[in-house]
Amino acid sequence: MCGIVGYYGSENAAPILLNGLEKLEYRGYDSAGIAVVDGGKLQLVRKKGSVSELFSARGIQGHLGIGHTRWATHGAPSEINAHPHVYGKFAVVHNGIIENEYSLKEECRARGDVFSSETDSEVIAHLLDFYYEGNLVTAVKDTVERLKGSYALAVVCEECDCIVCVRKASPLVVGIGKNGVYAASDVSAIAAEGVTVYSLDDGELAVLSTEITFFNQNLVRIEKEKIEYDAEEEIPDLKGYRHFMRKEMAEIPQVLGKSIYDYTEETYREFYRILTQTEQIQIVACGTAYHSGLCAKYAIESLCRIPVEVCIASEYRYLDPIVRSGTLALAVSQSGETADTLAAAQLAKNKGAYLAAVTNVPYSSLTRIADAVLPTNAGREVAVAATKSFHAQLVLLYSLASALAKAKGREECLPHIYDLLDQVKCAEETCEEVRSWVPHFLGARSVFFLGRGADYASSLEGSLKLKEITYLPSEGYPAGELKHGTLALVDCSTPVVAVLTQKAFAEKTMNAVHEVYARGAKVFLITCFEEYCNRKEVTSSVLIPVCKEEFTPVLSVLPLQALAYYVSIARGNNPDKPRNLAKSVTVE
Ligand code: F6R
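Each value, and the rule that gives it
Residues numbered from 1 in each chain as written. Predicted model: local features only at pLDDT ≥ 70, side-chain atom pairs only at ≥ 80, totals over all residues. Heavy atoms only, no water. Helix = DSSP H or I, 4+ residues; strand = E, 2+ residues; numbered from the N terminus. Rg over C-alpha atoms; globule rule 2.2 N^0.38 Å. Buried < 20%, exposed > 50% of the residue type's maximum accessible area, 1.4 Å probe, protein only. Pairing = 2+ DSSP bridges. Axes fitted to C-alpha atoms, helices over the stretch in contact; angles between N-to-C directions. Contact = heavy atoms within 4.5 Å. Expected span 1.5 Å × (residues − 1). Bend = angle between axes of the 7 residues up to and from the residue. Phe/Tyr/Trp six-rings, centres within 6.5 Å; stacked < 30°, edge-to-face > 60°. Left-handed = near helix turned anticlockwise from the far one by under 90°.

## Structural notes on the overall build of the protein chain
Then, in step 1: For the protein chain, the count of helices and strands is 17 helices and 25 strands.
Then, in step 2: Relative to the 2.2 N^0.38 estimate, which gives 25 Å for 588 residues, the radius of gyration of the protein chain is 25 Å and therefore close to what a compact globule would have.
Then, in step 3: Referenced to the eigenvectors of the C-alpha coordinate spread, the extents of the protein chain come out at roughly 75 × 55 × 45 Å.
Then, in step 4: Within the protein chain, buried positions represent 62% of all 588 residues.

## Some remarks on the sheet that holds strand β17 (residues 308–312)
Adjacent strands of a sheet pair through backbone hydrogen bonds, lying either parallel or antiparallel.
Then, in step 1: Spatially, the five strands line up as an open sheet ordered β17-β16-β18-β19-β20, and their pairing is parallel. In the strand order of this sheet, the two ends are held by β17 and β20 (372–375), each with one partner. Strand-to-strand, the axes of this sheet are offset by a mean angle of 20°, without reference to chain direction.
Then, in step 2: Relative to β17, strand β16 (residues 280–285) is paired through five bridges, and the arrangement is parallel. Paired with Val284 across the bridge in β17 is Cys311.
Then, in step 3: With respect to the sheet, helix α7 (residues 269–277) is in contact with β18 (327–333), β19 (354–359) and β20, its orientation differing from that of β19 by roughly 110°.
Then, in step 4: Here helix α8 (residues 287–304) sits on the sheet in contact with β16, β17 and β18, set at roughly 170° to β17.

## Let's talk about helix α13 (residues 414–433)
Then, in step 1: In a regular helix each residue adds 1.5 Å, so 20 residues correspond to 28 Å; α13 covers 30 Å between its end C-alpha atoms and thus fits that length.
Then, in step 2: The principal kink in α13, of about 35°, is found at Asp422.
Then, in step 3: Among all positions of α13, only Leu414, Ile417, Leu420, Gln423, Val424, Ala427, Glu428, Thr430 and Cys431 are buried.
Then, in step 4: Its buried side turned inward, α13 meets α5 (244–250), α6 (252–259), α12 (388–407), β25 (538–543) and α17 (553–570).

## Considerations on the packing of aromatic side chains
Then, in step 1: By the definition in use, this model includes 15 aromatic pairs.
Then, in step 2: Measuring from centroid to centroid gives 6.0 Å for Tyr261 and Tyr268, while their planes differ by 90°, and the two rings are edge-to-face.
Then, in step 3: When its relative accessible area of 12% is taken as the criterion, Tyr261 is described as buried.
Then, in step 4: Classification of Tyr268 as partly exposed rests on a relative accessible area of 25%.
Then, in step 5: Centre to centre, the rings of Phe271 and Tyr354 are 6.4 Å apart; their planes meet at 35°, and the pair counts as tilted. Remark: Tyr354 occurs in strand β19 and Phe271 occurs in helix α7; sequence separation between them is 83 residues.

## Thoughts on unusual backbone geometry
Then, in step 1: Following His83, the chain continues into Pro84 via a peptide bond in cis, with omega recorded as -5°.
Then, in step 2: Its place among the elements puts Pro84 in the loop between β4 (64–70) and β5 (85–87).
Then, in step 3: Phi angles above zero are rare outside glycine, and Lys239 is one such case at about 45°.
Then, in step 4: Tracing the backbone through its elements, the reader meets Lys239 in the loop between β15 (226–227) and α5.

## With respect to the packing of α6 against α12
Then, in step 1: Here α6 crosses α12 at 35°, and the two axes come no closer than 9 Å. Where α6 crosses over α12, the handedness of that crossing is right-handed. Residues Ile252, Val255, Leu256 and Ser259 of α6 lie in contact with α12, whose contacting residues are Lys388, His391, Ala392, Val395, Leu396 and Ser399.

## Some thoughts on the environment of Leu466
Then, in step 1: By secondary structure assignment, the location of Leu466 is in helix α15 (residues 454–470).
Then, in step 2: By relative accessible area, Leu466 is classed as buried at 0%.
Then, in step 3: In this structure, the C-alpha to C-alpha distance between Leu466 and Cys160, residues 306 residues apart in sequence, is 49 Å.

Written out as structure tokens, the structure reads:
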């Protein structure tokens, strides 16, 4: 989503804000802007497009300022809708959504205010102007009491020598370094050796000047504990790769080893007890994380015979879900900040589930509400399209399945998960093999991905990846469902990718391959069974290693990610920054 930075210190603020914004561009890149206060005057520069458009702002003088990179929700990407929003003496940057913007705007208009943007955020600057009586902190408090929805805010005022920050349901951190104090929606914007970082909780305010002072929502001073982060990991580096997405895929073999766990009574006491006594698992997640949950469902149900419900978090949070006693809720989220996943996780917990956070960010909002935190350890993922984090989630969830199967006296699977470490290296080689498929996808009107069981879950992920970075319409479909309507869409211009790794369904999936072949479609096969590679219906195939059937998505999704990546480049797109998308979806 959007990114926020703030700086107060001995240096010129503008270059520091712009450097921070560049690091946050993965959160949104529709438009960007900064506001710097100098000598009691606000200086504002905003531009449509990427942060690099703001180069003219580098020379602005002033030691305190705020900046923002936007992912449009209310109002088109444009200079006028870019943040900071200024009204009167105030400038504000906002992440989140103000749900009662209409009534608040009506109230401001009734007082004679005129709005210049289409955003919900501008109303915050108007409210600050209304409530300000010489004290910025109380004006911010009075303003946020009027807001419904989610927000992370950084506010400056021409008359005040400070930045005031506050948050509700949207991440915000502040930090103290040797040349000043910082605010950011994400540690990566301010991470550097020696910066001590604190995370704000809902309702808390921080006042940044020569030091940082923290207040609770009643403006009582509070102390905060610093959070731990890895400064080196927070600095993205392409290491010779053209794109982060390809680099992050190449990291998958190393990453997997860090996400495999041996859950035992000795090492994971409380969580192990909950895990092994659970009678139902509910997984809540969005997008790619939802797909890793679906893959896990097949493995857990097959290996442990425990029912697993996988729920799209944005649906779950509003559906009054049934949570039986003894339910283990697994909230799966790379960022740990996805608004829908957070709300669904909180709801599951409120309804009595034990909540475990499966996340890549150990100090994220999700970890703060969870009963147990299961870190995926994939390392920072910069590309918007999730790749290595998906694989890390998979093997972590498979490790849970393995512990549960063992506790139930069913099967010892952990050695098979460790086998994946070598198998995935061979699967990595298929990433280059799928490059020869690219020309067949360039002129396609739509693409189908077919599979059954775990292969269906892999197909969904292959299709999502293709859609998000190539902009080609595509569908992941259960192979047996095609004939119930969707086959009407298949013709000779429709490439079909079939995933075939489950022995019991192999011939059944091949039936679907026959059906699409008979309609002129070209079929591209990802399989671990050599005997299907040379079938006449198959235009081209890649052979992945044989592994335990329940765990095949770890191997089959790699070439699917690579296919999306290479088609994206061939279509002239930047796979790291797909249009309309952002890495961390902190709004509903
Ligand atoms: C797709 C993708 C998104 C995310 C989804 C959830 O490549 O990245 O679908 O998976 O927005 O994000 P997290 O995992 O951060 O909760």
